[in-house]
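One letter stands for each residue in the lines below.
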Amino acid sequence: MVHEFPVQVYYEDTDMAGIVYHANYLKFIERARSDWVRSLGIDQNAMREHEGVVFVLRRIEADFRAPAQFEDALSVQTEVRSVGGVRLVLSQTVLRDGEVLFSAEVTLVAMHLDGQPTRLPEQLRRRVH
């Protein structure tokens, strides 16, 4: 199952050359992950408040392939690669008209507010298998 999230490139996303500043791709994929979790019916605020559990970025491996530019309409695709007890690995790709501009493998872990790793919420594990 691939989740699609649209992103419009605004002037503020670009550098002096008029291309998307590299760090903004991380923002784009973060927004897409939040939207993906929401699409699964999971309220991250409620999860934090009631269970004391949050998702933490553990690792990201990024590949910048081609630049996006001001006013480009992009799409971020998010797909589950693997689900463990504590860890979730996602593949995220930023595309423009089908062309891959950026790709990343993202590892998230579930963490309790006390800073200790904890099992991924059962609700999430059921929905992504």
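Let me sum up the structure you'll find in this document. (Residues numbered from 1 in each chain as written. Predicted model: local features only at pLDDT ≥ 70, side-chain atom pairs only at ≥ 80, totals over all residues. Heavy atoms only, no water.)

1. With respect to a nonpolar patch on the surface
Step number 1: There is a patch of nonpolar side chains on the surface, built from Leu26, Leu57 and Ile60 and spanning about 230 Å² of accessible area.
Step number 2: Following the sequence through the fold, Ile60 ends up in strand β2 (residues 53-64).
Step number 3: Taking the relative accessible area as the measure of exposure, Ile60 reaches 34% and is therefore partly exposed. (Patch = residues over 30% accessible without salt bridge, like charges linked within 9 Å, V, L, I, M, F, W, Y side chains within 5 Å. Areas by Shrake-Rupley, 256 points an atom, 1.4 Å probe, with all protein chains shown as cover. Salt bridge = Lys/Arg side-chain N within 4 Å of Asp/Glu carboxyl O. Helix = DSSP H or I, 4+ residues; strand = E, 2+ residues; numbered from the N terminus. Buried < 20%, exposed > 50% of the residue type's maximum accessible area, 1.4 Å probe, protein only.)

2. Looking at the pattern of salt bridges
Step number 1: For the structure on display, the rule yields eight salt bridges.
Step number 2: A salt bridge links Arg125 to Glu122, with the shortest nitrogen-to-oxygen separation between them at 3.7 Å. Taken together, the residues Arg125 and Glu122, both in helix α3 (residues 122-128) and three residues apart, mark about one turn of the helix.
Step number 3: For Arg125, a relative accessible area of 17% gives the class buried.
Step number 4: Beyond isolated ion pairs, a larger network of salt bridges with shared partners links Asp72, Arg96 and Glu99.

Read these as spatial facts, not as claims about activity.
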